[in-house]
Amino acid sequence: VKIMNCKKNKFNWDKKPEKKGLNIFVINIFVFFLFSLILTPTNVFAEDINITACGELGTEGATYVLQNDIVGTNQNPCFPISANNITLDCNGHSITNVQTGISISSKNNINIQNCNITANNNSSSITCSSSSHNTIAHSNLFVPDAYSIAIDFDSCTDTNITDSNIIALGYTNYGITFDFSNNNNITDSNIVGDYWGIYLNSSSYNNISNSTITSQG
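Attention in this report is confined to the structure presented alongside it. Source: prediction; values computed, not measured.

1. Concerning the overall build of the protein chain
- Looking only at helices and strands, one finds one helix and 19 strands in the protein chain.
- Per-residue burial over the protein chain gives 37% buried out of 217 residues.
- When contacts within the protein chain are restricted to residue pairs at least 6 apart in sequence, long-range pairs at least 24 apart make up 55% of them.
- Counting every atom, the protein chain has about 12400 Å² of accessible surface; 52% of that belongs to carbon and sulfur.

2. Examining the nonpolar core
- Counting 39 residues, the largest nonpolar core has Phe79, Ile102 and Ile176 as the members making the most contacts within it.
- Within the residue set of this core, elements represented by two or more residues are β2 (63-66), β4 (79-81), β6 (94-105), β8 (116-132), β10 (140-143), β11 (149-157), β13 (165-168) and β14 (174-179).
- Look past the residues within four positions of Phe79 in its chain and what remains in contact with it is Ile51, Ala53, Cys54, Gly55, Leu57, Leu66, Ile70, Leu88, Ile95, Gly101, Ile102 and Ser103.

3. Digging into the sheet that holds strand β9 (residues 135-137)
- Pairing in this open sheet of eight strands is parallel, and the strands run β1-β2-β5-β7-β9-β12-β15-β18 from one edge to the other. Either end of the sheet is taken by a strand with one partner, and the two such strands are β1 (48-51) and β18 (207-209). The mean inter-strand angle of the sheet, taken between neighbouring strand axes irrespective of direction, is 10 degrees.
- Of the pairings in the sheet, the one linking strand β7 (residues 111-113) to β9 comprises three bridges and is parallel in character. Directly across from Ile112, in β9, lies its bridge partner Ile136.

4. A short note on the environment of Asp188
- For Asp188, the location among the structural elements is in the loop between β15 (185-187) and β16 (190-193).
- Taking C-alpha positions, Asp188 is 7.2 Å from Ser164, a pair spaced 24 residues apart along the chain.

5. Quick word on the state of the cysteines
- By the definition in use, this model includes three disulfides.
- Each sulfur of the disulfide joining Cys54 and Cys78 lies 2.0 Å from the other. Measuring the twist about the S-S bond at about -95 degrees, one finds the Cys54-Cys78 disulfide to be left-handed. One end of the pair, Cys54, is in the loop between β1 and β2; the other, Cys78, is in the loop between β3 (70-71) and β4, with 24 residues separating them in the sequence.
- Its relative accessible area of 24% is what places Cys54 among the partly exposed residues.
- When its relative accessible area of 2% is taken as the criterion, Cys78 is described as buried.

6. Notes on the packing of aromatic side chains
- As enumerated under the stated definition, the model contains five aromatic pairs in all.
- With a centroid separation of 5.3 Å and 80 degrees between ring planes, the pair formed by Phe153 and Phe178 is classed as edge-to-face. Within this pair, whereas Phe153 is found in strand β11, its partner Phe178 is found in strand β14, the two being separated by 25 residues in sequence.
- Residue classification places Phe153 among the buried positions, given a relative accessible area of 1%.
- With centroids separated by 5.7 Å and ring planes inclined at 65 degrees, the aromatic side chains of Tyr174 and Tyr199 adopt a geometry described as edge-to-face. You can see Tyr174 sitting in strand β14 and its partner Tyr199 sitting in strand β17 (residues 196-201), a full 25 residues away along the chain.
- Here the aromatic residues Tyr174, Tyr195, Trp196 and Tyr199 are joined through ring pairs into a cluster of three or more.

7. Notes on the pairing of β16
- Where β13 meets β16, four bridges bridge the pair, whose relative direction is parallel. Bridged to Ile166 within β16 is Ile191.
- As paired strands, β16 and strand β19 (residues 212-215) are joined by four bridges and run parallel to one another. Note on β19: the bridge partner recorded for Asn190 is Thr212.

Conventions and cut-offs
Residues numbered from 1 in each chain as written. Predicted model: local features only at pLDDT ≥ 70, side-chain atom pairs only at ≥ 80, totals over all residues. Heavy atoms only, no water. Helix = DSSP H or I, 4+ residues; strand = E, 2+ residues; numbered from the N terminus. Buried < 20%, exposed > 50% of the residue type's maximum accessible area, 1.4 Å probe, protein only. Contact = heavy atoms within 4.5 Å. Areas by Shrake-Rupley, 256 points an atom, 1.4 Å probe, with all protein chains shown as cover. Core = buried A, V, L, I, M, F, W, Y, C linked by side-chain atoms within 4.5 Å. Pairing = 2+ DSSP bridges. Axes fitted to C-alpha atoms, helices over the stretch in contact; angles between N-to-C directions. Disulfide = S-S within 2.5 Å. Phe/Tyr/Trp six-rings, centres within 6.5 Å; stacked < 30°, edge-to-face > 60°.

Structure follows, in structure tokens:
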């Protein structure tokens, strides 16, 4: 050590440097990480979940991927959705012999895609109640028997149906019913109802574009 023109300098070689600044830095990093975990949406950490049979879909933010066709035992419904921000990708597989295929109740941001659902007598392929901001896409929804509704909306709003075939054959069947359901959009779809293709009750601002509707009612 070379010292020039300096006075009253003291050196204590045995004294360790203070770590006060380092400790504050570590604490700040920990606090930032903790708040990041709290504020991060749960779906950031969600992964695909493979499914092979009917059952409740209840992991928020998850994408459920169907691995095979399902022949049910008249379940009502086959897939009840019990959490927000869920995607059900049927992966082109079919769901048959069920009372209801998929049920959405009081849950939002649900995405249903690539599903082929055939429901039984007096039933529905998909029911939606008290829900909003959902999507039904690239699906074939079929109810061949009497007193059935392919898609049944009750207080279901801001939902998009796109690129789908919605077929309801049989006595007094409906393709889609809207009860107290507003601001929904149907695009690029084919809707067939033996009685009514689309039925609206106390529903407003629903838009249909680039779609065909066929009914005998």
